[in-house]
Amino acid sequence: MKTIALLLFFFVSLTVVSAQNHTSESFYETSDHVKIKYKVSGKGEACLYIPGGPGQGYPSFELMGGNNLEKNMQMIYMDQRGSGKSGTSENYHLDKMIQDIEELRQHLKLKKIFLLAHSFGGIIAVSYAKKYPQYTKGLILANVTLHFLNDESVKEQIEYGNSLLQAKNRAVPKDSLSSELSKISSALRKKRIGYKFLTEDIETIKESDKIDSLHPRIIDFGMAVISKPKDFPEYYTDYAPITKDIKVPVLVITGKKDKAVGTQHYKTFRFPNQKVVVIDGGHLLYYEKNKEFVNAVNSFVNTTK
């Protein structure tokens, strides 16, 4: 894993609405003419989900337990440009990802929203809150990284990978950390245990793969960020230092065994108004520890005024 002025918008395609379940699916067109797929489901405080990846679609989160939040919240799922069923673009820079969220908020006529981000999505959520604190009711950061592929997390992954391979750890120069992790990851994949950075249970991966197979998606955004890091330096920047300036309420949910973003990375966050919930699990807590995850989110939302 090396993971606004008011505007006029136009409905694109057919809108599917279920009044009984308070669910609607549609597309909106951004100011630079990219079609964005979104879904609104549930009742309560509005909460927009930002996937990880980069460029993961939203169905795996929604259908692997995220939809249990719909009992108390109005969940807004969104496929980012170049991801899922949304359209491709020539611009995948962070400022556009932030603007897409803001345009969707305006499109849905929402005064304030919670943002729930997973993994890589934390970078986008925090950047939105920094730019638009007046529209951000709170941040829910689930197993997020605010410094993609940072040295300390990569070192932890290398050590963990070596333990799985029953290999000795050795000192790795800073400029060789990435290549060393790639080599270890390749060895883990050959043994078919590469998934262990995310979870200890292969059944979780099978369920995720099953959902992905039923919901084909494009991955242009993710491929652009991963394959051309020099073109997107903003995604590899350390955003932990700016957390001290983000004063909205923040819930940080982290896993004791999360090797995907590192078990200690959350300790670099310095939000003035943050609550941390540590759960005994890996990177996919919303599925494997769903009850604890949902309870933590509901408690935070219910107590955020």
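Residues numbered from 1 in each chain as written. Predicted model: local features only at pLDDT ≥ 70, side-chain atom pairs only at ≥ 80, totals over all residues. Heavy atoms only, no water.

1. Let's talk about the environment of Gly-84
Moving on, step 1. Looking at the element boundaries, Gly-84 is found in the loop between β5 (73-78) and α2 (94-107).
Moving on, step 2. On the basis of relative accessible area, Gly-84 is assigned to the buried category, the value being 6%.
Moving on, step 3. Measuring from C-alpha to C-alpha, the distance between Gly-84 and Asp-220 comes to 9.3 Å, with 136 residues separating the pair along the chain.
Moving on, step 4. Ignoring any residue separated from it by four or fewer positions in sequence, one finds Gly-84 in contact with Asp-79, Pro-216, Arg-217 and Ile-218. (Helix = DSSP H or I, 4+ residues; strand = E, 2+ residues; numbered from the N terminus. Buried < 20%, exposed > 50% of the residue type's maximum accessible area, 1.4 Å probe, protein only. Contact = heavy atoms within 4.5 Å.)

2. Things to note about the pattern of salt bridges
Moving on, step 1. One pass over the full model with this rule turns up 16 salt bridges.
Moving on, step 2. For Lys-206, the salt bridge goes to Glu-203, with nearest N and O atoms at 3.4 Å. Placement of the pair is Lys-206 and Glu-203 together in helix α6 (residues 202-214), with a separation of three residues, close to one helical turn.
Moving on, step 3. Judged by its relative accessible area of 49%, Lys-206 falls in the partly exposed class.
Moving on, step 4. Assessed through its relative accessible area of 45%, Glu-203 is described here as partly exposed.
Moving on, step 5. The salt bridge partner of Lys-257 is Asp-280, with a shortest N-O separation of 3.7 Å. Of the two residues, Lys-257 is situated in the loop between β8 (250-255) and β9 (274-279) and Asp-280 in the loop between β9 and α8 (285-288); the sequence distance between them amounts to 23 residues.
Moving on, step 6. Looking at Asp-280, the relative accessible area reads 39%, which means it is partly exposed. (Salt bridge = Lys/Arg side-chain N within 4 Å of Asp/Glu carboxyl O.)

3. Here we look at the nonpolar core
Moving on, step 1. Grouped together as the largest cluster of nonpolar side chains are 57 residues, with contacts concentrated most on Leu-48, Ile-101, Leu-115, Leu-139, Leu-141, Tyr-235 and Phe-271.
Moving on, step 2. The element contributing the most residues to this core is helix α3 (residues 121-131), with six residues.
Moving on, step 3. Residue contacts for Tyr-235: discarding those within four places in its chain leaves Tyr-92, His-93, Leu-94, Met-97, Phe-120, Ile-123, Phe-148, Phe-221 and Val-225.
Moving on, step 4. Of all hydrophobic cores here, the second largest spans 27 residues; its members include Tyr-49, Tyr-58, Leu-69 and Ala-142. (Core = buried A, V, L, I, M, F, W, Y, C linked by side-chain atoms within 4.5 Å.)

4. Remarks on the packing of aromatic side chains
Moving on, step 1. On inspection of all chains with the given rule, the structure shows 18 aromatic pairs.
Moving on, step 2. Measuring from ring centre to ring centre gives 6.5 Å for Phe-120 and Phe-221, while their planes differ by 65 degrees; the resulting arrangement is edge-to-face. One end of the pair, Phe-120, is in the loop between β6 (113-118) and α3; the other, Phe-221, is in helix α7 (residues 220-227), with 101 residues separating them in the sequence. Neither Phe-120 nor Phe-221 differs from the other in exposure class; each is buried.
Moving on, step 3. Taking 6.1 Å as the distance between ring centres and 80 degrees as the angle between the ring planes, the aromatic pair formed by Phe-269 and Phe-271 counts as edge-to-face.
Moving on, step 4. A residue is classified by how much of its surface remains accessible, and Phe-269, at 2% relative accessible area, is buried. (Phe/Tyr/Trp six-rings, centres within 6.5 Å; stacked < 30°, edge-to-face > 60°.)

5. Thoughts on unusual backbone geometry
Moving on, step 1. In this structure, the amide linkage connecting Gly-53 to the following residue, Pro-54, adopts the cis form with an omega of 10 degrees.
Moving on, step 2. Take Pro-54: it is sitting in the loop between β4 (45-50) and α1 (59-63).
Moving on, step 3. Even without glycine at this site, His-33 takes up a positive phi of about 70 degrees.

6. A look at α7
Moving on, step 1. Listed as buried for α7 are Phe-221, Gly-222, Ala-224 and Val-225. Down the axis of α7, the buried side of the element spans an arc of 160 degrees, and every buried residue falls inside it.
Moving on, step 2. At its buried positions, α7 is contacted by α2. (Arc of directions from axis to C-beta.)

7. Comments concerning the side chain of Lys-259
Moving on, step 1. Its location among the elements puts Lys-259 in the loop between β8 and β9.
Moving on, step 2. A relative accessible area of 18% places Lys-259 in the buried class.
Moving on, step 3. Polar contacts involving the side chain of Lys-259 include one to the side chain of Glu-156, which spans 3.2 Å.
Moving on, step 4. Excluding its chain neighbours within four sequence positions, the residues that come into contact with Lys-259 are Glu-156, Gln-157, Tyr-160 and Phe-197. (Polar contact = N/O pair within 3.5 Å; in protein donor to acceptor, adjacent residues only side chain to side chain.)

8. Comments concerning the packing of helix α4 (residues 151-165) against helix α5 (residues 177-190)
The description of two helices packed together rests on the angle between their axes and the distance between the axes.
Moving on, step 1. Between α4 and α5, whose axes approach to 9 Å, the crossing angle comes to 35 degrees. Relative to α5, the crossing made by α4 is left-handed. Along the contact surface, α4 presents Asp-151, Val-154, Lys-155, Gln-157, Ile-158, Gly-161, Asn-162, Leu-164 and Leu-165, while α5 presents Leu-177, Glu-180, Leu-181, Ile-184, Ala-187 and Leu-188.
Moving on, step 2. Split by residue class, the contact of α4 with α5 holds nine nonpolar, three polar and three charged. (Axes fitted to C-alpha atoms, helices over the stretch in contact; angles between N-to-C directions. Left-handed = near helix turned anticlockwise from the far one by under 90°. Nonpolar A, V, L, I, M, F, W, Y, C, P; charged D, E, K, R; others polar.)

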